[in-house]
Amino acid sequence: TYDYAIGISSQTGGCRDLAIPSPGNYIYVTDDSQVFRYNLGSAYNVNFQTSHSQTYSTGTNSVTGIDFNDDGTKFFLVRSNTNQIRVYTLSTAYDLSTASNTANYALTGMPTSNMSAIRFKDSGKKLFIITNDDVIYEWSMTTGYDVANSTFVGSVTMSLGDSTTNGFDIADDGQYFYSVDTNA
């Protein structure tokens, strides 16, 4: 069961992924080509005074995944129809009105299409991307979030069910893996 849901149909027809970066004051939702920011009245609590506050057009389409760096000055997007990570810099942390696309990277070992979601762990020193056919890819970085200088670690095909995987997360201690699919 769930405690509360926020309606986003007035902004978008379909949600692709979401991110709630620390300290949990905002929730960011992607659709095919935009990022939406919602203010949370209480950290990590969508049930308390949630309101839409910003919309950012990414200048691209087929957006499927989003994640932020630790201080909110960058966010990263993946798209289902390319093999690139799009990097956006925010001159004011967490403020979409200050965002600009500053780099696009195709990494060694990266899938050529079908990317569903992106997650950074270990202060940005580990990068994971999952495809909608249940393959998870991993890269490591000496400097957190330095995607340009990442090293491909490997990939593994997961047995997650019959559906298309849309999103995932990994517990900070690496002990648990969570996924959501179209039939969840």
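Residues numbered from 1 in each chain as written. Predicted model: local features only at pLDDT ≥ 70, side-chain atom pairs only at ≥ 80, totals over all residues. Heavy atoms only, no water.

Here the focus is the overall build of the chain. Scanning the chain from terminus to terminus reveals 0 helices and 14 strands. Written out in order from the N terminus, the α and β elements of the chain read β-β-β-β-β-β-β-β-β-β-β-β-β-β. In the chain, buried positions account for 42% of the 184 residues. Taking contacts inside the chain between residues at least 6 apart in sequence as the whole, the part at least 24 apart equals 37%. A total of about 9,100 Å² of accessible surface is found on the chain, and carbon and sulfur atoms cover 42% of it. (Helix = DSSP H or I, 4+ residues; strand = E, 2+ residues; numbered from the N terminus. Buried < 20%, exposed > 50% of the residue type's maximum accessible area, 1.4 Å probe, protein only. Contact = heavy atoms within 4.5 Å. Areas by Shrake-Rupley, 256 points an atom, 1.4 Å probe, with all protein chains shown as cover.)

Bringing the sheet that holds strand β6 (residues 74-79) into the picture now. On the basis of which strands lie adjacent, the open sheet formed by 4 strands has the order β5-β6-β7-β8 and antiparallel pairing. Looking at the sheet topology across the chains shown, the edges are occupied by β5 (63-68) and β8 (99-105). Adjacent strand axes in the sheet meet at a mean angle of 25° when their direction is disregarded. Bridging between β5 and β6 involves 5 bridges; their strand directions are antiparallel. Within β6, the position partnered with Val63 by the bridge is Arg79. (Pairing = 2+ DSSP bridges. Axes fitted to C-alpha atoms, helices over the stretch in contact; angles between N-to-C directions.)

Strand order in the open sheet formed by 4 strands is β9-β10-β11-β12, with antiparallel pairing between adjacent strands. Of all the strands in the sheet, just β9 (115-121) and β12 (151-157) have a single pairing partner and so form its edges. With strand direction ignored, the average angle separating the axes of adjacent strands in the sheet is 20°. With 6 bridges connecting them, strand β11 (residues 135-140) and β12 associate as antiparallel partners.

Of all 7 residues in β9, 7 are buried, a share of seventy percent or more. As defined by bridge partners, β9 adjoins strand β10 (residues 126-131) across 6 bridges and the pair is classed as antiparallel. By the bridge assignment, Ala117 is partnered in β10 with Ile130. Connecting β9 to the antiparallel partner β10 that follows it, the hairpin turn spans 4 residues, and Asp122 within it adopts a positive phi of roughly 55°.

A grouping of Leu18, Ile20 and Tyr44 is seen on the molecular surface, where their side chains present a nonpolar patch of about 260 Å² in accessible area. Its location among the elements puts Ile20 in the loop between β1 (17-19) and β2 (26-30). (Patch = residues over 30% accessible without salt bridge, like charges linked within 9 Å, V, L, I, M, F, W, Y side chains within 5 Å. Salt bridge = Lys/Arg side-chain N within 4 Å of Asp/Glu carboxyl O.)

So, about the packing of aromatic side chains. Under the criterion given, the structure shown has 13 aromatic pairs. Between Tyr26 and Tyr94 the ring centres are 6.1 Å apart and the planes differ by 35°, which places this aromatic pair in the tilted class. Taken together, the residues Tyr26 in strand β2 and Tyr94 in the loop between β7 (85-90) and β8 connect sequence positions 68 residues apart. Overall, Tyr94 belongs to the buried group, its relative accessible area being 11%. Ring plane angle 50° and centroid distance 5.0 Å describe the contact between Phe120 and Tyr145, whose orientation is recorded as tilted. Remark: Tyr145 occurs in the loop between β11 and β12 and Phe120 occurs in strand β9; sequence separation between them is 25 residues. Among the aromatic side chains, those forming a connected cluster through ring pairs are Tyr26, Tyr28, Tyr56, Phe68, Phe75, Tyr88 and Tyr94. (Phe/Tyr/Trp six-rings, centres within 6.5 Å; stacked < 30°, edge-to-face > 60°.)

Per-residue pLDDT for the chain has a mean of 84; in total, 84% of the residues score no lower than 70. Mean pLDDT across the secondary structure elements of the chain bottoms out at strand β14 (residues 177-181), with 68, and peaks at β7, with 95. (pLDDT = per-residue confidence, 0-100.)

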